[in-house]
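Summary of structural features
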Amino acid sequence: MLNRDHDAITLQEVGGVSGLSDLLKSNLDRGVSSNEDELLQRRDIFGANTYPRKKRKSIWRFVFEACQDLTLVILMVAAATSLSLGIVTAGVKDGWYDGGSIFFAVFLVIFVTATSDYRQSLQFQHLNEEKQNIQVEVIRGGKRVGASIFDLVVGDVVPLKIGDQVPADGVLISGHSFAIDESSMTGESKIVHKDQKAPMLMSGCKVADGYGSMLVTGVGTNTEWGMLMANLSEDIGEETPLQVRLNGVATLIGIVGLSVAGVVLVVLWIRYFTGHSNNPDGTTAFVAGTTGAKQGFMGAISIFTIAVTIVVVAVPEGLPLAVTLTLAYSMRKMMRDKALVRRLSSCETMGSATTICSDKTGTLTLNKMTVVEAYLSGTKLNPCDNTGMMSSSVASLLVEGIAQNTAGAVFSPENGGAAEVAGAPTEKAILSWGLKIGMNFNDVRSKSSVLRVLPFNSVKKCGGVAVQSDTYVHIHWKGAAELVLASCKSWFSIDGSVHPMSSDKYNELKRSIDDMAMSSLRCIAFAYCTCELTMVPREDLDKWQLPDDNLTLLGMVGIKDPCRPGVRDAVQLCSAAGVKVRMVTGDNVETAKAIAFECGILNAKDVASETTIIEGKVFREMSETAREEVADKITVMGRSSPNDKLLLVQALKRKGHVVAVTGDGTNDAPALHEADIGLSMGISGTEVAKESSDIIILDDDFTSVVKVVRWGRSVYANIQKFIQFQLTVNVAALVINVVAAVSSGAVPLNAVELLWVNLIMDTLGALALATEPPTDNLMKRHPVGRREPLVTNIMWRNLFIQALYQIAVLLVFNFDGKRIFQLHNESREHADKIKNTFVFNAFVFCQIFNEFNARKPEEKNVFGGVTSNRLFMGIVGITTVLQILIIEFLGKFFGTVRLGWKLWLLSVAIGAVRYTQENSIVETKHFFLLYKRLFCDML
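Just so it is clear, the model here is predicted, and its values are computed rather than measured.

This part takes up the environment of lysine 206. Along the chain, lysine 206 turns up in strand 7 (residues 206–218). Lysine 206 gets classed as buried once you look at its relative accessible area, which sits at 10%. Remark: the alpha-carbon pair of lysine 206 and valine 166, spanning 40 residues in sequence, is separated by 6.0 Å. Those residues in contact with lysine 206 that sit more than four places away from it in its chain are Asp164, Gln165, Ala179, Ile180, Asp181, Glu687, Val688 and Glu691. A polar side-chain atom of lysine 206 sits 3.2 Å from a polar atom in the side chain of glutamate 691.

With 4 of 5 residues buried, strand 21 (residues 580–584) lies mostly within the body of the structure. Where strand 9 (residues 355–358) lies against strand 21, 4 bridges are found, and the strand directions are parallel. Residue pairing for strand 21: threonine 355 is matched across the bridge by lysine 580.

We now examine the sheet that holds strand 23 (residues 636–638). Taken in spatial order, the 8 strands line up as 8-26-25-24-9-21-23-22 in an open sheet, and their pairing is mixed. A single partner strand is all that each edge strand has here, and the edge strands are strand 8 (339–341) and strand 22 (613–615). Neighbour-to-neighbour, the strand axes of this sheet turn through a mean angle of 20°, independent of strand direction.

To continue, consider the packing of helix 26 (residues 702–744) against helix 28 (residues 793–820). Packed helices, taken two at a time, are described by the angle their axes make and the gap between the axes. Between helix 26 and helix 28, whose axes approach to 9 Å, the crossing angle comes to 30°. On the basis of the axis angle, helix 26 is roughly parallel to helix 28. Along this stretch, helix 26 crosses helix 28, giving a crossing that reads as right-handed. When its residues are assigned to classes, the contact of helix 26 with helix 28 shows 15 nonpolar, 9 polar and no charged.

Before going further, it helps to spend a moment on the packing of helix 22 (residues 624–631) against helix 23 (residues 642–654). The interhelical angle for the contact between helix 22 and helix 23, taken along N-to-C directions, is 75°, at an axis separation of 9 Å. Relative to helix 23, helix 22 is oriented roughly perpendicular. Between helix 22, through Glu624, Arg627, Glu628 and Ala631, and helix 23, the contact on the second element is made entirely by Leu647, Leu648, Ala651, Leu652 and Arg654. Split into classes, the residues belonging to the contact of helix 22 with helix 23 amount to 5 nonpolar, no polar and 4 charged.

For the peptide bond that leads from asparagine 382 to proline 383, omega is 0°, which places it in the cis range. Along the chain, the position of proline 383 falls in the loop between strand 11 (379–380) and helix 13 (392–404). In this structure, asparagine 367 takes a positive phi of about 65° despite not being glycine. Position of asparagine 367 among the secondary structure elements: in the loop between strand 9 and strand 10 (370–376). Of note in the backbone geometry, glutamine 822 takes a positive phi value of approximately 55° without being a glycine. With respect to the secondary-structure elements, glutamine 822 resides in the loop between helix 28 and helix 29 (828–855).

Residues annotated in UniProt with the feature "transmembrane region" (unreviewed entry) correspond here to residues 62–90, 96–114, 249–270, 301–329, 727–749, 794–815 and 871–891. Annotated as 100% helix and 0% strand, the span residues 249–270 places its first and last C-alpha atoms 32 Å apart. Each end of residues 794–815 is marked by a C-alpha atom, and these two atoms are 32 Å apart; helix forms 100% of the span and strand 0%.

Counted according to the given criterion, the structure contains 13 aromatic pairs. Plain terms: the ring middles of phenylalanine 813 and phenylalanine 821 are 5.5 Å apart, the flat faces sit at 15° to each other, and that makes the pair stacked. The same class applies to phenylalanine 813 as to phenylalanine 821, namely buried. Ring pairs connect the aromatic residues Phe813, Phe821 and Phe838, which therefore count as one cluster. In this arrangement the basic side chain of lysine 505 is found over the ring face of tryptophan 491, its NZ or CZ atom lying 4.2 Å from the centre. Sitting over the ring of phenylalanine 872, arginine 855 keeps its end group 5.6 Å from the ring centre.

Before going further, it helps to examine the pattern of salt bridges. Taken as a whole, this structure holds 34 salt bridges when the rule is applied. Put simply, aspartate 832 and lysine 835 hold a salt bridge, and the shortest N to O gap is 4.0 Å. Separated by 3 residues within a single helix, aspartate 832 and lysine 835 lie in helix 29, roughly one turn from each other. Taken individually, aspartate 832 and lysine 835 each receive the classification buried, so the pair is uniform in this respect. Among the charged side chains, a network of salt bridges with common partners joins Asp359, Lys645 and Asp668.

Each value, and the rule that gives it
- Residues numbered from 1 in each chain as written.
- Predicted model: local features only at pLDDT ≥ 70, side-chain atom pairs only at ≥ 80, totals over all residues.
- Heavy atoms only, no water.
- Helix = DSSP H or I, 4+ residues; strand = E, 2+ residues; numbered from the N terminus.
- Buried < 20%, exposed > 50% of the residue type's maximum accessible area, 1.4 Å probe, protein only.
- Contact = heavy atoms within 4.5 Å.
- Polar contact = N/O pair within 3.5 Å; in protein donor to acceptor, adjacent residues only side chain to side chain.
- Pairing = 2+ DSSP bridges.
- Axes fitted to C-alpha atoms, helices over the stretch in contact; angles between N-to-C directions.
- Parallel < 35°, antiparallel > 145°, perpendicular 65-115°, else oblique.
- Left-handed = near helix turned anticlockwise from the far one by under 90°.
- Nonpolar A, V, L, I, M, F, W, Y, C, P; charged D, E, K, R; others polar.
- UniProt positions renumbered as here; feature names shortened; annotations may be inferred.
- Phe/Tyr/Trp six-rings, centres within 6.5 Å; stacked < 30°, edge-to-face > 60°.
- Lys NZ or Arg CZ within 6 Å of the ring centre and 35° of its normal.
- Salt bridge = Lys/Arg side-chain N within 4 Å of Asp/Glu carboxyl O.

Spelled out as structure tokens, the structure:
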């Protein structure tokens, strides 16, 4: 209630933040104990920092939704009618087969569809939980440790910095320039400054500026954010652009299928009621004035069932399902590759990326920084922590600047062990160096009090602090070396005396900076100035602009951040794939250039071009037209601000590029949002950056970005594979049934058989082809354009030749099967059943082998790497086994009869024919001898 009502009066009554901390048995400096029993006790008393989830849909809900498919509903009505009439006319023992078989096939389709959808929902729910599991820093036992947001307890002390999400309700302990964006709770996009007068912090809000620490006072459903989230359910119904396109394709094909089915229905009914349709024994099916009403109605219902089933086969509901399956599969695998997808559409878009604008620090480099060079009092230290010759007055000023002008912290164990440094990597490197040169962190900070803090600013590239000790005020600045040096009017010599900054000395120091930068070091400078106590405003300290134009240089350091292993290979892989990698960094241009060489982003040819490497300020000052002209050529941008990155993204998009951008800071949010694909960093990234991004790179590694590109291309490729497979079956099944129906009044594939084919090609086919892992060949192609057709010329070729082959061969056996198989001595009914069973079996095996063809539409060896996809092999194996069971043991349900081994072998051989990429003709060389031998044996 304290936070919910913003009750500052009650807070003062309990003694302010300090008194509240005592009531909660916490310590403002050391936090609560890290003892698990105490943490568990606090959760029992105050609650956990979680909220009840909306109950997820059960599998029965998915079964119910699958049952609502209109075509399946029509089939169930037709099956019920057929079942009831069959039992009435032929008795229970023999009359239930037709209707019961259709019911069984429909229920099988519903079960497989519902199970598949249920599994996908579980995967999406798991990914949503991962998105909400934010990692935070918390002080426990005086030590900064990482913890899940769900593990926070009342009494915890949590450090906060710009870009962080407030993880629970709490009270501000202390802060500098601390401001909160409360728009997520209040709806007003107004930045609220927080101090001791207004210390209440609400869970779910974002830190807009500054840094500070908070005492947790409310967690979970005891916060407004928790109550709000408990009443919301995560929306997993996002439709990606590819799904929208495929829904349109499916609708169009469905309309065609419906029209064809309508024609078939009318033709078959006309033939039936005019006496041109025969029963299996050869007698006329319907004779006007002779055939009974029930029998005539049953015949009409059977024809209607066939027409409806043709619609089922024609409607490619597997197309949108294939997108969902491949996205879910890719998202799960991408998690293993350290990439968390926040927006489904980014999976598809990443496959079309033509350029990646990458940060340097932590993405291309390890983000493990150490000070390796130092210049103090105008002299290079060797080694870099050798400050023995330096004046004690200069050393004390430098140490004061390091200890006070930082957002990091140093934890000194009570048992006297090695000090532990916490904070951002750059802060940790400088603090670690400070400890080496004799800094006692806690002692130095206790000797002076902080008056005003200006946190590091990505535009100014520096941060400052004003500290007071007795009667003097020191203003310390730390930041980009060349920018701080430009503000210095004097420098300290080794004996502690101050000298004016001459042009010679400035050039000498500038050369030192350039030398460090060319050695791929990040250059940081320290400077200070004094200020009269009377110049410090007594009120509104937060508005005091610290003086920064008359500084005295204290020293400079060079920080080494090695390139990540594998980055060079990853950059080369991107280049081969037609994806240009650009480095956009706030570091010195020379440092950026040196790192770009190490990573393989730059080569000697690139350096010859003036526009390849550019400074952010130069790019910023260009006109919009000029920026567009130069954007394509830029490979490295140094000393860039977040706005420069945004301008580069906009210019590249106007040039037609599909742009991916990496970012970690709050100020990167506009560029991440503007880019086609925003990639935030999971370790170093702020919550603001993560919420503006589409994908979170969990290990901050550029090689993981390249894996995302690979998976993005795999999504598109898998959809194309399934489209080729699906449309081939659609065309073949439709044409075979239509031609047979119009010409002979009967169809070779009955309703139950067509439902089984539908299951193979829709759900099982989607599962098999949508889960193909990415291959190396994907990164040897150029990106797929956004407006390129889904069905390529090669796919059209494969589709038409395969469909034409199936139609031609199966129609030959349908019309001339009795003569080919020499069934003259068989009864007409049995001969038709053998012929139709063979056509059905051959058609199914055509689809089974067509799945292999569809795996690699552009390659000759379609079996390469097939064993690595266990799911594909499992589905093909299960389909084959079920087909054998259907023919050999379930003939009554499917209207089939057993086939001899020769017909089995022939039907499998027909399906096994495939096509080569080179000549696009049927590769029947190995099957002609087999066919000839089989026919000779039959004759």
